[in-house]
Amino acid sequence: MKIYGFDEKFLMLKNNEGLNIIYSTYLNKIFGLDNRGVDLFSKLITRLEAHDGDDCNVDPDMKELLRLLLLNEILFDSFDNYKKADFKNIYQNYRKFIPHKAYIHLTQRCNLNCTYCYDKDNIGKTRELTTKQWKEIIISLKEHGFDYLVFTGGEIMLRNDISELVLFANKNDFKVHLMTNSTIKIDSKIVEAAYHIDISLDAIDEIENAKTRKNSKSFNILNNIMSYEDKYRKKITIKPVVSCENENLYADFKEFFISQGFHSVDPLPLQPTKRNEKCMYPTSYLQMSKHSFDAYFKIAKCNACYEVIAINSDGNIFPCQAMINDVYCLGNIFDSQWFEKIEKNKITKLFMDNDVTTDSHCVSCSYKYICGGPCKAVCYNKTGDMLSMDEDYCKYAKLESKHYLETINFEER
């Protein structure tokens, strides 16, 4: 019998429990083997390579492993099935213009002054839409198939009508996600209506937190966070920005909030926000995270423009919340043809055509399907070209992808 797929690239890693993880870069698929299984797998691949895929010289132990690999579609006994399983096809066919999630920048006013803010060029701009206008936008988004709203800023709690807008969106069957710095406690009726809440905080200690989040000592942020009832904590994620300067605090930070019943702690690595800025990405905090097993990983791909849009406080539309820049303006939400114009916009096509299987920076990378390629906003901030590559980011993404594989939890299948 002729076997296919044995000559593709397999990465062999060990997870934290000592189990051998085999990752097929061709299939974007993983499986686990004990030490004997790895030995048999290596011998099986060598035997198949020596006989051009013919399994006639495979001994009984290898035959059983081969049967399991065929059963789980790691290897194939049909050329057609082998080519159909190529993850490149799944990846390339993923792009469809079906926007469903909008980041709503209700305001660009903020009561903090974070050193790393990706939106710092817009903070302080005072032009804001009225409550009536935002309600019109929410209705328009619903009519165009959107079902998920992220209310962000600036700081959303500086809007006096935040409660009215959240309840209005909730009434219109949107999942409402709130992003806040928790300098102002969210009213319980807003928390009740929200689908999820992200709270940004870098450290439990006020002095440490104020190093990056200027003015934060003026507020009782931790007290505000801890005042939420237990029943609401399950929908709250704490989001610290982690850098080389504070990564030593992350383990205790995460343990504290998880022990207090919060949904999760989701760290963000410090990203460059200006030209030629050197960012030393943190690495030790990666060791704190684990991941659940999935035979095929989800598509890792920037979905700006064709699944996600961002609407600024003046109604202008952008590819994502981190690209509020006139260079990438897609139009204005009050244009009667705004949806059609986004679909036809050359910037949208640029995002949709982004493909790690052809990008010269990514095509040969073993981790391209896990990483999904560089963040366009990061590349633009650092180089002025969203199609460039930030080498620091790339090195970090590879390390993060490798760690992802090494911490897969097979028990959660």
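A short tour of the structure in this document, coming up. Note that the coordinates shown come from a computational prediction; the quantities given were computed from them, not determined experimentally.

## Observations regarding unusual backbone geometry
Then comes step 1: Backbone torsion omega between Gly153 and Gly154 reads 20 degrees, so that peptide bond is classified as cis.
Then comes step 2: The topology assignment puts Gly154 in the loop between strand S6 (148–152) and helix H6 (162–171).
Then comes step 3: Of note in this structure, Asp52 is not a glycine but carries a positive phi near 55 degrees.
Then comes step 4: Positive phi values are uncommon outside glycine, yet Asn215 reaches one of about 80 degrees.
Then comes step 5: With respect to the helices, strands and loops of the structure, Asn215 is situated in the loop between strand S9 (213–214) and helix H9 (221–226).

## Some thoughts on empty space enclosed by the protein
Then comes step 1: A full pass over the atoms with the stated rule returns four cavities of 30 Å³ or more.
Then comes step 2: Computed from the structure, the largest cavity encloses a volume of approximately 110 Å³.
Then comes step 3: Taken together, 14 residues form the lining of the largest cavity, with Cys362, Cys365, Cys371, Gly373 and Cys394 sitting closest to its centre.
Then comes step 4: The biggest single contributor to the lining of the largest cavity is helix H16 (residues 391–406), with four residues.
Then comes step 5: The residue makeup of the lining of the largest cavity, split by class, is ten nonpolar, two polar and two charged.
Then comes step 6: In this model, the second largest cavity occupies a volume close to 70 Å³.
Then comes step 7: In terms of lining residues, the second largest cavity is bounded by Leu201, Ala203, Ile204, Asp205, Glu206, Asn209, Ser216, Phe219, Ile221 and Leu222.
Then comes step 8: Contributions of two or more residues to the lining of the second largest cavity are made by helix H8 (206–212) and H9.
Then comes step 9: Of the residues that constitute the lining of the second largest cavity, the class distribution is six nonpolar, two polar and two charged.

## Focus on the pattern of salt bridges
Between side chains of opposite charge, a pair can form as their charged atoms come close.
Then comes step 1: Taken as a whole and assessed by the stated rule, the structure comprises 18 salt bridges.
Then comes step 2: Close ionic contact of Arg159 with Glu128 constitutes a salt bridge, the shortest N to O distance being 3.1 Å. Highlighted residues: Arg159 in the loop between S6 and H6 and Glu128 in the loop between strand S5 (113–114) and helix H5 (131–143), separated in sequence by 31 residues.
Then comes step 3: Under the relative-accessibility criterion, Arg159 is labelled buried at 6%.
Then comes step 4: Glu128 gets classed as partly exposed once you look at its relative accessible area, which sits at 23%.

Calculation rules
Residues numbered from 1 in each chain as written. Predicted model: local features only at pLDDT ≥ 70, side-chain atom pairs only at ≥ 80, totals over all residues. Heavy atoms only, no water. Helix = DSSP H or I, 4+ residues; strand = E, 2+ residues; numbered from the N terminus. 1 Å grid on protein atoms, 1.4 Å probe; cavity = no way out; pocket = protein on both sides within 12 Å on 5 of 7 lines; lining within 4 Å. Points joined across faces, edges and corners; volume = space filled by probe spheres on them. Nonpolar A, V, L, I, M, F, W, Y, C, P; charged D, E, K, R; others polar. Salt bridge = Lys/Arg side-chain N within 4 Å of Asp/Glu carboxyl O. Buried < 20%, exposed > 50% of the residue type's maximum accessible area, 1.4 Å probe, protein only.

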